[in-house]
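In case you want the letters, here they are:
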Amino acid sequence: MSTKEQQQLGKTLWDIADNLRGAMNADDFRDYMLSFLFLRYLSYNYEEAAKKELGKDYPDDTPYDVMSKLKSKTPLEIWYNENSKQDVIDFEKQMRRKAHYVIKPEHLWSNITELARTQNDELLVTLEAGFRYIENESFESAFQGLFSEINLNSEKLGKNSTERNKKLCTIIQKIAEGIADFSADSDTLGDAYEYLIGEFAAGSGKKAGEFYTPQQISTILSEIVTLDSQEPKTGKKGKLNKVLDFACGSGSLLLNVRKRIKDSGGSIGKIYGQEKNITTYNLARMNMLLHGMKDTEFEIFHGDTLENQWPLLNEMNPSKKMEFDAIVANPPFSLRWEPNDTLAEDFRFKSYGLAPKSAADFAFLLHGFHFLGKEGTMAIILPHGVLFRGGAEERIRTKLLKDNHIDTVIGLPANLFYSTGIPVCILVLKKCKKQDDVLFINASEHYVKAGRLNKLREGEDEKPNDIKKIVETYKFRHDLERYSRRVSIEEIEKNGYNLNISRYVSTSLDEIKIDLKEVNKKLTVINESIATNTAKHNEFLKELGLSPI
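Per chain, residues are indexed from 1 in the order of the written sequence. Totals for whole chains, interfaces and linings use all residues, but because this is a predicted model, local features are given only for residues with pLDDT of at least 70 and pairs of side-chain atoms are given and counted only at 80 or more. Side-chain measures were taken over the full set of non-hydrogen atoms in the model, leaving aside hydrogen atoms and water.

Our focus in this paragraph is the overall build of the protein. A run of DSSP states H or I qualifies as a helix once it reaches four residues; a run of E qualifies as a strand once it reaches two. Both are numbered from the N-terminal end. Within the protein, the secondary structure is distributed over 18 helices and eleven strands. Overall, the C-alpha framework of the protein stretches about 120 × 75 × 45 Å when taken along its three principal axes. The buried label goes to any residue with under 20% of its type's maximum accessible area, the exposed label to any with over 50%, and the partly exposed label to all in between, with areas taken from a 1.4 Å probe on protein chains only. For the protein, the proportion of its 549 residues judged to be buried stands at 51%. Considering only contacts in the protein between residues 6 or more positions apart, those separated by 24 or more positions represent 72%. Methods summary: accessible areas were calculated by the Shrake-Rupley approach with a probe of 1.4 Å, and residue burial reflects only the protein chains presented. A total accessible area of about 26,300 Å² is found for the protein, and carbon and sulfur atoms account for 48% of it. We call two residues in contact whenever any of their non-hydrogen atoms come within 4.5 Å of each other.

See the structure below:
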């Protein structure tokens, strides 16, 4: 399916969502919409895998009930009924091995949509049972709580079960009709899922920062961390064994890294994400599966990053510490937190000190940096304040610079995010850095207005490609006038370890130097010309008997 068709599917689904949600909060409706899209994806893949597994034994057509003239059973349900209990057990065992999950016939999207089409009173209870089964039994590793935020008995759907059942019938029927003409492969539905997340983010305003990194910024981070850490100009790495996003939101940034490395012919081992918000955590897990990832290829943990609640990252033995080849993150900007004596001794912060209570930006950075591998690259989005604020942040920044861990500072335009209008920066960090300078990229003036937001240009209609320029400048470490410059640590030290980008790369035009002697010479010539021509003019006036000027 072409990019245009994928965008059309996303737009079709968004229009359905916009029309159906009525007075319901956009965030609430998002959870229903995305969950149904997820069920559609799982069901389609499962039925296709079942057809391959059963071959000629897979029922060709779903029979119709003579009395009602309606489909009575799905093909898989017919097969279940016609075979022994042991045959079903063996079949499901094979499906767990090949498709990596199992869905009962009555919970498949094909059955759910038929219940919706016929306005069946059993839709609501069937959906509830299906969601619980997928959470607890479908996968080898349980996805407990995957649909915990989906309240099918919410009064937002209706005052009683009959009204709620009717509303769900309408929503599901419209979704089924909207996607009927589109492919159901993982790329298509995965991209539609991402499109919807973006649209819901736009409607959520400031709350969008909790779960969404704009795709353009996500692309910059992904391109940077997939390049060779020591020699970026040699191109992308062949493999990333482990990738981490410790504030992963809906998981789109992790998926972007995966896409970039795979598109270049490389491979990826396992991706890891951590998310504190339960709703967003569930969105991330669905997002992984919707993009065709097996449950063994990713691990998303629900917990607080700053308190390091993930046992996987809490290993005290240095020899067993998890290390990642690539780390990306878009943590909450300037989050207030509660540093204490225990955290002061925490292995992540002990060598650098604690970030101030008023802004946890450096706490997030140090958390990620601790788990970065020696040949890895970390790219993190932060507010500009981390570049120049004093106190504890200055001390942390200074040590990172003296230890030669800050590789690149990228300044982006303001108003790129749904959640904030402030300009942000990307810091690129490395444990073992080859260069002993810092590359500054000032891309703050390279954008185009797009409604109420600014947007980086991507080379469409022969316009500049702002994303490519940032990545290429990082890759080849170019010095470009009014755009980028490699700055020595000595110069940064003279500036008090202040990383304010405009100190090193100013976008303002130099004042034109005026040569006053040359100006005076020109004025003298002009005055002489005026005097000569005035005299000639007066001669003509005299001949005509007129007064001279």
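Okay, back to it.
Let us now look at the sheet that holds strand β7 (residues 424–429). Strand pairing is assigned whenever DSSP identifies at least 2 bridges connecting the two strands. The strand order across the open sheet built from nine strands is β3-β2-β1-β4-β5-β7-β6-β8-β11, with neighbouring strands paired in mixed fashion. Whereas interior strands pair on both sides, the edge strands pair on one side only; in this sheet they are β3 (298–302) and β11 (484–488). On average, each strand axis in the sheet is inclined to that of its neighbour by 15°, with strand direction left out of account. By the bridge criterion, five bridges tie strand β2 (residues 267–275) to β3 in an arrangement that is parallel. Paired with Y272 across the two strands is E299, which belongs to β3. Sitting on the sheet, helix α13 (residues 361–370) is in contact with β4 (324–329), β5 (372–383) and β7, with an inclination near 160° to β5. Throughout, an axis means a line fitted to C-alpha atoms (over the contacting stretch in the case of helices), and angles, computed between N-to-C directions, take values from 0 to 180 degrees.

Moving on, we get to the side chain of R457. Relative to the helices and strands, R457 resides in the loop between β10 (453–455) and α15 (466–476). With residues up to four places along the chain from it excluded, the contact list for R457 reads H446, Y447, V448, P464, N465, D466 and I467.

Moving on to the nonpolar core. Inside soluble globular proteins, nonpolar side chains tend to come together where they are buried. Grouping buried Ala, Val, Leu, Ile, Met, Phe, Trp, Tyr and Cys residues that are joined through side-chain atoms within 4.5 Å yields what is termed a nonpolar core. If you look at the biggest cluster of nonpolar residues, it comprises 111 residues, and the most contacted ones within it are L13, F36, Y46 and L127. Considering each element in turn, this core owes the most residues, 14 residues, to helix α2 (residues 26–54). The contacts of L13, once residues within four sequence positions are left out, are M33, L37, I175, I179, A192 and L196. In this structure, W310, F349, F369 and L429 belong to the second largest nonpolar core, which totals 48 residues.

Turning next to helix α7 (residues 161–179). In a regular helix each residue adds 1.5 Å, so 19 residues correspond to 27 Å; α7 covers 27 Å between its end C-alpha atoms and thus fits that length. Polar contacts, as used here, are pairs of N or O atoms within 3.5 Å; protein pairs need one atom able to donate a hydrogen and one able to accept it. Residues neighboring in sequence count only if both atoms are side-chain atoms. If you check the start of α7, you find a side-chain oxygen 3.2 Å away from the backbone N of T162, and it comes from N160. Each helix should span, by expectation, one fewer than its residue count multiplied by 1.5 Å.

On to a negative patch on the surface, then. Nonpolar side chains (Val, Leu, Ile, Met, Phe, Trp, Tyr) are joined into patches within 5 Å and like charges within 9 Å, using only residues with over 30% relative accessible area and no salt bridge. In what follows, salt bridge is the name for a side-chain nitrogen of Lys or Arg lying within 4 Å of a carboxyl oxygen of Asp or Glu. Charge counting follows a simple rule: Lys and Arg are positive, Asp and Glu are negative, and His as well as the terminal groups are ignored. Where a charge lies is defined by one atom per residue type, namely NZ (Lys), CZ (Arg), CG (Asp) and CD (Glu). On the surface, a cluster of negative charge is made up of E458, E460, D461 and E462. By the secondary structure assignment, D461 is in the loop between β10 and α15.

The next subject is the packing of aromatic side chains. Pairing of aromatic rings covers Phe, Tyr and Trp, the last counted by its six-membered ring, and requires centre-to-centre distances within 6.5 Å; plane angles under 30 degrees mean stacked, over 60 mean edge-to-face, and any other angle means tilted. Evaluated as defined, the whole model comprises 18 aromatic pairs. Plain terms: the ring middles of F347 and F371 are 6.5 Å apart, the flat faces sit at 90° to each other, and that makes the pair edge-to-face. Pair noted here: F347 is in the loop between α12 (341–344) and α13 and F371 is in the loop between α13 and β5, with a separation of 24 residues, a long-range link. Take F347: its relative accessible area is 25%, and that puts it in the partly exposed class. Following the ring pairs from residue to residue traces out a cluster consisting of Y46, Y101, F139, F143 and F298.

Here we take up the packing of helix α5 (residues 109–117) against helix α6 (residues 123–138). Between α5 and α6, whose axes approach to 10 Å, the crossing angle comes to 160°. In this view, α5 runs roughly antiparallel relative to α6, as classed from their interaxial angle. Judged by the sense of rotation from one axis to the other, the crossing of α5 with α6 is left-handed. Residues N111, I112, L115 and A116 of α5 touch α6, and the partners they reach there are L123, T126 and L127. Basically, the charged four are Asp, Glu, Lys and Arg, the nonpolar ten are Ala, Val, Leu, Ile, Met, Phe, Trp, Tyr, Cys and Pro, and anything else, Gly included, counts as polar. In terms of residue class, the contact of α5 with α6 is built from five nonpolar, two polar and no charged. An angle counts as roughly parallel when it lies under 35 degrees, as roughly antiparallel when it exceeds 145, as roughly perpendicular when it falls between 65 and 115, and as oblique in every other case. The hand of a helix crossing depends on one turn: near helix anticlockwise from the far one by less than a right angle means left-handed, and clockwise means right-handed.

Quick look at the environment of G421 now. Note on placement: G421 falls in the loop between β6 (406–411) and β7. A residue is classified by how much of its surface remains accessible, and G421, at 40% relative accessible area, is partly exposed. C-alpha of G421 to C-alpha of D436: the two residues are 15 residues apart in sequence and 33 Å apart in space. Not counting residues up to four positions away in its chain, the partners in contact with G421 are A414 and N415.

Interpretation in functional terms is not warranted from these geometric data alone.
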